[in-house]
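Each chain, written out:
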Amino acid sequence: VIGSILMTVGIGQFSTMTKNNRRAAEVNSFVTSLTLARTEAVKRNSTVSVCTSKTGTSCTLGSDTDSARWELGSIVFVNSDGDSPPVVDGGELVLRIAPPVSGDITVRGTGDFTTAVSYQSNGFPANVPLGGGMFKFCDDRGATSARAVIISSTGRSRLSQDGADA
């Protein structure tokens, strides 16, 4: 009896640990894309955008019902002409392709970050409100286990550690 109780508790804790690790990996991968975009924008003295992408070659545009579903994949590209919403035009270099998110994690951008974020040559986001914006990462545990990547109006990213910020 004691063994089965311990085994049940252990399995539950293992499941929680697995979900936490999966979510952390996806958050870290997303922050890597944002950091790359910001760094490359400054380095190249050009606009660099991150957008939702199901294809890995173009942004999923607003008319598509999946355009706000970051978990389906995203790309980082040099947006030479600075178009908004960002569009990968001929000759614009795709720097990173992020594959779809694993598991049952959903990723949603708030406000102007619904489908894209673009960094200007000074490292500041082109489409961020004065207070900043965020991306929320949720799984089947709901808002209490959510995490968020918060982008300040200066372009700096930080992570929230609880659902309160998200």
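Keep in mind that this is a model prediction, so the values were computed, not measured.

Caption draft 1: Just the pairing of strand β7 (residues 147–151), in detail. The element β7 is largely enclosed, with a buried count of 4 among its 5 residues. Where strand β6 (residues 133–138) and β7 come together, 5 bridges link them in antiparallel fashion. Of the residues in β7, the one forming a bridge with G133 is I151. Relative to strand β8 (residues 157–159), β7 is paired through 3 bridges, and the arrangement is antiparallel. Paired with I151 across the two strands is S157, which belongs to β8. The antiparallel pairing of β7 with β8 creates a hairpin that spans 5 residues between the two strands, and G155 there sits at a positive phi of about 100°.

Caption draft 2: Just the environment of T114, in detail. In this structure, T114 sits in the loop between β4 (106–109) and β5 (116–119). Given the relative accessible area of 31%, T114 is considered partly exposed. It is 8.6 Å that separates the C-alpha atoms of T114 and W70, two residues lying 44 residues apart in sequence.

Caption draft 3: Spotlight on the pattern of salt bridges. Applying the stated rule across the entire model yields 6 salt bridges. Two residues, K43 and E40, come together in a salt bridge whose shortest N-O distance is 3.1 Å. Of this pair, K43 and E40 both sit in helix α1 (residues 2–44), 3 residues apart, which is roughly one turn of that helix. The partner of D139 in a salt bridge is R141, with the nearest N and O atoms 2.7 Å apart. Residue D139 is classed as buried on the basis of its relative accessible area of 10%.

Basis of the calculations
Residues numbered from 1 in each chain as written. Predicted model: local features only at pLDDT ≥ 70, side-chain atom pairs only at ≥ 80, totals over all residues. Heavy atoms only, no water. Buried < 20%, exposed > 50% of the residue type's maximum accessible area, 1.4 Å probe, protein only. Helix = DSSP H or I, 4+ residues; strand = E, 2+ residues; numbered from the N terminus. Pairing = 2+ DSSP bridges. Salt bridge = Lys/Arg side-chain N within 4 Å of Asp/Glu carboxyl O.

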